Amino acid sequence: MNKKLTSLALALAIVGSSISPAIASEENKKEEVVYINTKENGDVDKMNVVNIFSKGNVVDYGDYDEVKLLNSNKKIENNKGEIKFEADKERTYYQGELKNNQSPWDIVIKYYLNDKEIDAKDIKGKNGKIKIRIKISKNTSVKNDYFDNYALQVNTKLDTEKIENINAEGATLANEGSNKLITYTALAGKGLDKEITFDAKDFSYPGFSINAVKLSLDVDIDKGDIDSKINELIDATKQLNDGSNDLNNKSDDLKSASSALNDGMENLSRGNADFSKGVDTLYKSISTVQNGLTSLNNKSESLVNGSNEVQNALNEIEKSLNNMPTDSDRTGELSKASSDIRDGIKTLDESLSLAIDATNPKSYQNTLKSKRLDQEKLRASNDQAIGEIDETIKLLKQQLALAELNNTSENKENNQNKENNTKNIPSENPNSGNNKEQSPQKDENKDTDKAKEKTPGENDDNIKSNDDNNKESENKKTKAITAIKTSNQNADMIRQQIYMLENTKKLLQANNANIDGTNVYLKGVNDSFSQIKNGANILNTNYEKFDKEIQNISSKLTELKIQSQRLSDAIRKLNANYKLLNQGIISYTSSLAKIERGNMQILKGVEDLSTANSKLVKGSNDLKDGTNKLNEGINQYTNGVGKLNNGINEFYNETSDMDKDLNKKIDEIKKSLGDKNTPTKSFSSDKNGEIKSLQFVIQTEKIEKEEEKTESIKEKKEDKNFIEKFKDLFK
């Protein structure tokens with residue numbers, strides 16, 4: 001979350017701010033350029049300072065081992081750190097080699113070959129997968145605030161004829177002939193920790209060139225609009241959280257209703273099982289009576305002899321009738337269980353209706369609208385903002401093209417001026433190729449070297465003549481160099497604005513995707529509930545019919561009880577008056593056939609009841625299994641709703657303080673962009689006080705083969721002009 005807030009704050013800061021470069025005071029004419037040479041691993045090797053003054057007597061301070069004028073033959077004195085000389089040029093340069101080699105930045109460079117760390121001296125000329133890791137952090141042993149006020153530009157280049165598959169995350173890549181230029185930028189106070197990986201053959205590279213310049217930008221950010229949008233987002237997340245809590249509570253009600261239905265089906269199943277046992281007992285008892293009646297009817301002639309068997313049979317019938325479970329309690333349990341199931345299914349149907357209403361996307365959107373958050377308007381606002389950002393990026397790219405075209409034209413004009421003038425005027429920044437607009441040209445010093453070969457009198461006359469004739473040319477060159485610098489700065493600022501606007505566009509697109517995803521999710525949930533609701537409606541309708549049959553069976557069982565009671569009374573009377581049976585045997589045998597037929601009908605009725613009860617038991621068991629599955633499904637659904645609710649609650653808690661976090665990040669970004677009112681202090685000595693400008697140029701040792709170094713040594717033996725002496729600062 002913090003990373004997103006940082007990106008958003010930085011984008012809004014760049015787009016909504018008025019940025020203007022800091023203008024240094026002209027009271028102190030001194031300019032300092034600190035040249036730092038390091039070893040391959042980043043350890044400082046030596047440090048030189050080039051100080052630049054206008055004409056006049058100069059008193060400067062610095063803890064130097066050695067000092068020398070670079071473009072003048074005047075005498076220079078170093079008295080315990082106090083440097084005095086006469087500046088006889090419009091811009092006079094002198095170099096001092098610092099005694100203390102403490103850089104404001106700790107630089108650590110590590111090399112890896114095939115994922116194993118390797119010493120820099122051993123990696124030259126190697127083949128394989130190579131990784132270079134550069135880490136730049138604050139050197140706490142250096143006083144003053146250079147680390148916190150100076151931004152870094154870190155450059156290197158790789159020969160693509162020997163190197164391929166280059167990966168440099170976070171860097172800007174560009175082509176320069178067969179070389180791939182790699183550039184990192186670090187804001188003031190941030191440092192750098194990056195890796196470059198590639199596949200190499202006969203590995204070598206020129207090291208890193210690091211430029212540190214003071215970052216002084218005026219940034220004015222209107223937080224009012226930002227706070228308003230953030231508050232709208234916070235309100236939206238709160239509404240989403242409230243809706244999720246409501247949905248979670250409704251799902252608990254659904255879960256309770258499902259559990260009640262499941263319990264009711266368990267009770268119905270147990271009641272059906274008990275009723276089935278009673279029907280089986282009744283069937284067995286009536287079958288016994290039927291067998292007895294059949295035997296009597298077939299053996300009526302021997303009825304007297306079998307009267308004892310009849311007596312025993314009557315006793316057994318009476319006992320069976322007394323044990324038959326035809327009491328009203330069991331019938332009432334069956335009726336009540338069926339009613340409970342019917343009510344449970346009705347409750348389920350009503351709960352599903354509530355769930356469908358709660359998850360309807362339109363209802364959800366209306367709820368948001370009632371709380372002053374219109375998703376459609378928010379999405380339309382995002383689309384409009386994206387369109388405006390696209391138009392702004394298009395305009396900025398056009399401005400960038402114009403700036404780069406202007407820069408190219410100015411470079412051509414400056415080169416033309418250099419060809420037409422041969423005056424020996426040094427550059428502001430004698431670098432070996434990374435800052436071309438600040439590097440003096442070799443041809444400009446050829447006449448100076450020739451002048452040195454002449455006699456003293458002739459040399460003085462020539463210098464005077466050149467000063468008079470080329471003063472106007474010098475002014476033109478100075479203006480051209482200034483224009484190129486300004487054009488480069490404008491192009492860099494435009495590129496940064498384009499980058500931040502593209503990040504803002506991605507954030508708005510992600511917000512639209514979140515809105516669409518929420519609606520799609522709610523629609524899916526709503527459709528699922530609608531399908532369950534259709535099934536619940538069918539279940540409710542069918543079970544009402546089923547319940548009517550249960551109530552009808554209960555009524556018939558009540559009638560059966562009455563009939564059974566009458567039969568039991570008749571058997572008791574028959575058993576009590578058995579002695580009279582012998583007297584009315586003739587009458588009895590004539591009616592025995594009728595009794596047998598009547599009992600057969602009773603037996604068939606009980607058999608039909610047993611068959612129907614078996615179907616009832618199977619149906620209730622199937623229904624119980626179905627309600628169990630339904631209960632499991634609802635439990636899974638409510639668990640899912642619970643997890644969703646927990647996630648939304650966590651998201652709400654994480655974003656509730658979004659406005660405070662954003663304001664904090666904006667303040668941090670403004671701090672990292674620097675303050676134009678901060679004075680520029682001399683690096684060479686605190687005695688120098690505030691100076692016009694200070695720049696650090698750092699060059700790490702290149703890694704090259706021995707034959708390449710030999711060629712470099714041979715080049716050093718040749719006569720060098722003033723420009724080449726400047727380049728030697730990095731060797």
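Residues numbered from 1 in each chain as written. Predicted model: local features only at pLDDT ≥ 70, side-chain atom pairs only at ≥ 80, totals over all residues. Heavy atoms only, no water.

### Remarks on the overall build of the protein chain
Stated formally: Each helix is a run of DSSP H or I of at least 4 residues and each strand a run of E of at least 2, with the numbering of both proceeding from the N terminus. Relative accessible area decides the class of each residue, using a 1.4 Å probe on protein chains only: under 20% of the type maximum gives buried, over 50% gives exposed, and in between gives partly exposed. In what follows, residue pairs with any heavy atoms lying within 4.5 Å of each other are defined as contacts. In short, Shrake-Rupley with a 1.4 Å probe defines the accessible areas, and a residue's cover is counted only from the protein chains shown.
Helix and strand counts for the protein chain come out as 16 helices and 17 strands. When burial is assessed residue by residue, the protein chain has 39% of its 731 residues classed as buried. Of the contacts made within the protein chain by residues no fewer than 6 positions apart, 80% connect residues no fewer than 24 positions apart. When the accessible surface of the protein chain is totalled, it reaches about 41000 Å², and 47% of it is carbon and sulfur.

### A word on the pairing of strand β1 (residues 31-38)
As a reminder, the rule being used: At least two DSSP bridges between two strands are required for those strands to pair.
Counting buried residues in β1 gives 8 out of 8 residues, a clear majority hidden from the surface. Examined bridge by bridge, β1 and strand β2 (residues 44-53) share 8 bridges and lie antiparallel to one another. Note on β2: the bridge partner recorded for Val33 is Val50. Adjacent in sequence and paired antiparallel, β1 and β2 are bridged by 5 residues, among which Gly42 carries a positive phi angle near 100°. Relative to strand β17 (residues 693-700), β1 runs parallel, the two sharing 8 bridges. Directly across from Thr38, in β17, lies its bridge partner Thr700.

### Some points on the sheet that holds strand β12 (residues 163-167)
The cut-off we apply is this: All axes here are fitted lines through C-alpha atoms, helices being fitted over the stretch that makes contact, and every angle between N-to-C directions spans 0 to 180 degrees.
Ordered by their spatial adjacency, 5 strands build an open sheet running β9-β8-β10-β15-β12, and the pairing between neighbours is antiparallel. The open sheet terminates on both sides in strands that have one partner only, identified here as β9 (116-118) and β12. Taken over all neighbouring pairs, the strand axes of this sheet differ in orientation by 30° on average, direction set aside. Here 9 bridges tie strand β8 (residues 105-113) to strand β10 (residues 128-138), and the two strands are oriented antiparallel to one another. Considered in β10, the bridge of Ile107 is made with Ile136.

### Some remarks on the packing of aromatic side chains
Quick note on the threshold: Centres within 6.5 Å make a pair out of two Phe, Tyr or Trp rings, where for Trp the six-membered ring is used; the pair is then stacked when the planes are under 30 degrees apart, edge-to-face when over 60, and tilted otherwise. Note on criteria: charge over ring means Lys NZ or Arg CZ within 6 Å of the ring centre, with the direction from the centre no more than 35 degrees off the ring normal.
By the definition in use, this model includes 14 aromatic pairs. Here Tyr146 and Phe696 contribute two aromatic rings whose centre-to-centre distance is 5.6 Å and whose plane-to-plane angle is 70°, an arrangement assigned as edge-to-face. Linking Tyr146 in helix α3 (residues 146-149) with Phe696 in strand β17, this pair joins segments that are 550 residues apart in sequence. The interplanar angle of 25° and the centroid separation of 5.7 Å between the aromatic rings of Phe203 and Tyr205 together place this pair among those described as stacked. Note on accessibility: Phe203 and Tyr205 belong to one class, buried. The structure contains a cluster of three or more aromatic residues connected by ring pairs, namely Trp105, Tyr146, Tyr150, Phe683 and Phe696. Taking the ring centre of Tyr112 as reference, the NZ or CZ of Lys131 above it sits at 4.5 Å.

### Concerning the pattern of salt bridges
It is possible for side chains bearing opposite charge to pair when their charged atoms get close. Convention followed: We define a salt bridge as a contact between a side-chain nitrogen of Lys or Arg and a carboxyl oxygen of Asp or Glu at a distance within 4 Å.
Per the counting criterion, the structure on display carries 22 salt bridges. Ionic pairing is found between Arg495 and Asp492, a salt bridge with its closest N-O pair at 3.0 Å. One end of the pair, Arg495, and the other, Asp492, are both in helix α11 (residues 471-576), 3 residues apart, so they sit about a helical turn from each other. Residues Lys523 and Asp527 are paired through a salt bridge, measuring 3.1 Å at the closest nitrogen-oxygen approach. Pair noted here: Lys523 and Asp527 are both in helix α11, with a separation of 4 residues, about one helical turn. Residue class for Asp527 comes out partly exposed when judged on its relative accessible area of 32%. Here the salt bridges share partners, and the residues they tie into one network are Lys30, Glu32 and Asp60.

### Considering the environment of Ser555
Summarising the element assignment, Ser555 is placed in helix α11. Judged by relative accessible area, Ser555 falls into the partly exposed class, the value being 39%. The sequence separation of Ser555 and Gly332 amounts to 223 residues, and the corresponding C-alpha distance is 10.0 Å.

### Comments concerning the sheet that holds strand β5 (residues 76-79)
Spatially, the 3 strands line up as an open sheet ordered β3-β6-β5, and their pairing is antiparallel. Looking at which strands have only one partner, the edges of the open sheet turn out to be β3 (56-61) and β5. Across the sheet, the axes of successive neighbouring strands diverge by a mean angle of 15°, strand direction being ignored. Of the strand pairs in this sheet, β5 and strand β6 (residues 82-87) are connected by 4 bridges, and their pairing is antiparallel. Pairing of Asn79 across the sheet is with Glu82, part of β6.

### Comments concerning the confidence of the model for the protein chain
Spelled out, the test is: The quantity called pLDDT is the predictor's confidence in a given residue, expressed from 0 to 100.
Summing up the model confidence of the protein chain, the mean pLDDT is 77 and the portion of residues at 70 or higher is 73%. Per-residue pLDDT stays below 50 along residues 422-459; that stretch engages in 78 contacts with residues further than four places along the chain or on separate chains.

### Quick word on the side chain of Asn382
Take Asn382: it is sitting in helix α8 (residues 375-420). Sequence-distant contacts of Asn382, that is, excluding residues within four places in its chain, are made with Leu508, Asn511 and Asn512.

### Observations concerning helix α7 (residues 361-370)
The cut-off we apply is this: Along the arc lie the directions from the helix axis toward the C-beta atoms. Whenever a nitrogen or oxygen atom comes within 3.5 Å of another N or O atom, the pair is scored as a polar contact, on the condition that within protein one atom can donate a hydrogen and the other can accept it, and that pairs from neighbouring residues in sequence are kept only if both atoms are in side chains.
Buried within α7 are the following residues: Pro361, Tyr364, Gln365 and Leu368. The buried residues of α7 all sit within an arc of 95° when viewed along its axis, so they share a single face. With respect to the buried face of α7, the exposed residues turned more than 90 degrees away are Lys362 and Ser370. Its side-chain oxygen 2.9 Å from the backbone nitrogen of Lys362, Asn360 forms the N-cap of α7. In the stretch just after α7, Arg372 is the one whose phi turns positive, near 65°.

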